[in-house]
Amino acid sequence: MRHRLRRHEKEEIRRRYKDNAIYKAFAAPCKKYEAQATGFRLSPEELFWECMAVLDDIKEASEDARFALQEFWSGRVVDYGELNGGVERERIEEAASMVTLSVVLCLSTLDLSTYNTLSMVLAGQLNWDSPAMVEMREHLTSNIYRLGEDVFSSAVEAYMDSDEYVSDDIEELLDELPLTQVEVADDDEQPAKSADQLTVRQLIILFEQLLNVSLDSSFTNISALATLIEKVSGYKASSIRTTINDLARRGYDSAPVRSDIERLATLVKKVKPQLSEQLRNSVKE
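Scope of this entry: the structure provided in the associated data block. All of these numbers come straight from a predicted model, not from anything done at the bench. (Residues numbered from 1 in each chain as written. Predicted model: local features only at pLDDT ≥ 70, side-chain atom pairs only at ≥ 80, totals over all residues. Heavy atoms only, no water.)

Topic: the overall build of the protein chain
Here comes step 1: Summing up its helical and strand segments, the protein chain has 15 helices and 0 strands in all.
Here comes step 2: When contacts within the protein chain are restricted to residue pairs at least 6 apart in sequence, long-range pairs at least 24 apart make up 73% of them.
Here comes step 3: A total accessible area of about 14400 Å² is found for the protein chain, and carbon and sulfur atoms account for 48% of it. (Helix = DSSP H or I, 4+ residues; strand = E, 2+ residues; numbered from the N terminus. Contact = heavy atoms within 4.5 Å. Areas by Shrake-Rupley, 256 points an atom, 1.4 Å probe, with all protein chains shown as cover.)

A word on the nonpolar core
Here comes step 1: In terms of nonpolar packing, the biggest core is built from 58 residues, with Phe 26, Phe 48, Leu 55, Ile 58, Leu 69 and Leu 107 touching the most fellow members.
Here comes step 2: Per-element accounting of this core gives the leading share, 11 residues, to helix H6 (residues 89–107).
Here comes step 3: Apart from residues lying up to four places away in sequence, Leu 69 is in contact with Val 54, Ile 58, Leu 118, Val 121, Leu 122 and Gln 125.
Here comes step 4: Of all hydrophobic cores here, the second largest spans 25 residues; its members include Leu 206, Phe 207, Leu 215 and Leu 264. (Core = buried A, V, L, I, M, F, W, Y, C linked by side-chain atoms within 4.5 Å. Buried < 20%, exposed > 50% of the residue type's maximum accessible area, 1.4 Å probe, protein only.)

A look at the pattern of salt bridges
Here comes step 1: Summed over the entire model, instances satisfying the criterion amount to 10 salt bridges.
Here comes step 2: Between Asp 19 and Lys 18 there is a salt bridge; the shortest N-O distance is 3.5 Å.
Here comes step 3: Residue classification places Asp 19 among the exposed residues on the basis of a relative accessible area of 58%.
Here comes step 4: A residue is classified by how much of its surface remains accessible, and Lys 18, at 46% relative accessible area, is partly exposed.
Here comes step 5: For Arg 91, the salt bridge goes to Glu 90, with nearest N and O atoms at 3.2 Å.
Here comes step 6: When its relative accessible area of 14% is taken as the criterion, Arg 91 is described as buried.
Here comes step 7: Residues joined in a network through salt bridges with shared partners are Glu 50, Arg 76 and Asp 79. (Salt bridge = Lys/Arg side-chain N within 4 Å of Asp/Glu carboxyl O.)

Topic: a nonpolar patch on the surface
Here comes step 1: A surface patch of nonpolar side chains, about 360 Å² in accessible area, is lined by Leu 210, Leu 211, Leu 228 and Val 232.
Here comes step 2: Residue assignment for the nonpolar patch shows that the elements contributing at least two residues are helix H11 (200–211) and helix H12 (222–233).
Here comes step 3: Within the secondary structure, Leu 211 is located in helix H11. (Patch = residues over 30% accessible without salt bridge, like charges linked within 9 Å, V, L, I, M, F, W, Y side chains within 5 Å.)

Overview of the environment of Ser 154
Here comes step 1: With respect to the secondary-structure elements, Ser 154 resides in helix H9 (residues 149–161).
Here comes step 2: Spatially, the C-alpha atom of Ser 154 lies 9.0 Å from that of Leu 110, the residues being 44 residues apart in sequence.

What to know about the side chain of Glu 208
Here comes step 1: Structurally, Glu 208 can be placed in helix H11.
Here comes step 2: Lacking a salt bridge, the buried Glu 208 has Arg 201 as its closest oppositely charged neighbour, with an N-O distance of 10 Å.
Here comes step 3: Aside from chain neighbours lying at most four places away, what touches Glu 208 is Val 213, Ser 214, Leu 215 and Tyr 252. (Lys, Arg positive; Asp, Glu negative; His and termini not counted.)

Side note on a negative patch on the surface
Here comes step 1: Taken together, Asp 57, Glu 60, Asp 168, Glu 172 and Glu 176 make up a surface patch of like negative charges.
Here comes step 2: Taken together, the elements giving at least two residues each to the negative patch come down to helix H3 (44–60) and helix H10 (166–176).
Here comes step 3: The greatest single-element share of the negative patch, amounting to 3 residues, is contributed by H10.
Here comes step 4: Its location among the elements puts Glu 60 in helix H3. (Charge placed at Lys NZ, Arg CZ, Asp CG, Glu CD.)

So, in structure tokens, the structure goes:
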């Protein structure tokens, strides 16, 4: 999961996959977990995206998957911690466990020995006796039973035998959504602001130029930059991280971003003309 999903992104994924049996199997239990959780709340759409990404990786290279999945749970804990700095570790671990368990339940429905082996590799990383895991397993398996175990297993088997890659489809869907639809992950995370206050995205672009860093796939200090901007702006770090990831993924080649840069260039021109020119040149590059 390259970034936390924004509200309109969740809606689009839900609209496209609401009839998918794998999505339906996990949506209700995850929604209940999301409603109860504090700090890190994994949405049904994020769980589905994560689960399908793993299944897609296995479809593409099943022989290499056993090695790749040996530290899957701990890897997810690290990734989610970076996406949500400062969140209680227990909540992060529960989210990682839910994703891992979902993949285990999918793989365990398949007869092929390779899939059973991978299921056991993942299952061995879970603490099955913990109260949270017991409850999580009960919710997920009960919903699969209500959906129909045959329906679920048939859907997983058909998917693994198909040429479809849902995670790629979701990536393409997210890339097609306009940046202007919503600028931050959750509106209620934002401070009250005047029409003249810089947006999250404008602040990120400004700091990128001031600190001389490049927001591309090689940039690894997202949490540190988000924390810095949070302290000077009042915006929540989680929303800042989401927008940083968005800019790193999409770049500056969009009308809204170019408009943001032009506004910044105009604002700083009298203070530092060189920076104003530097901002305008960043669009041309």
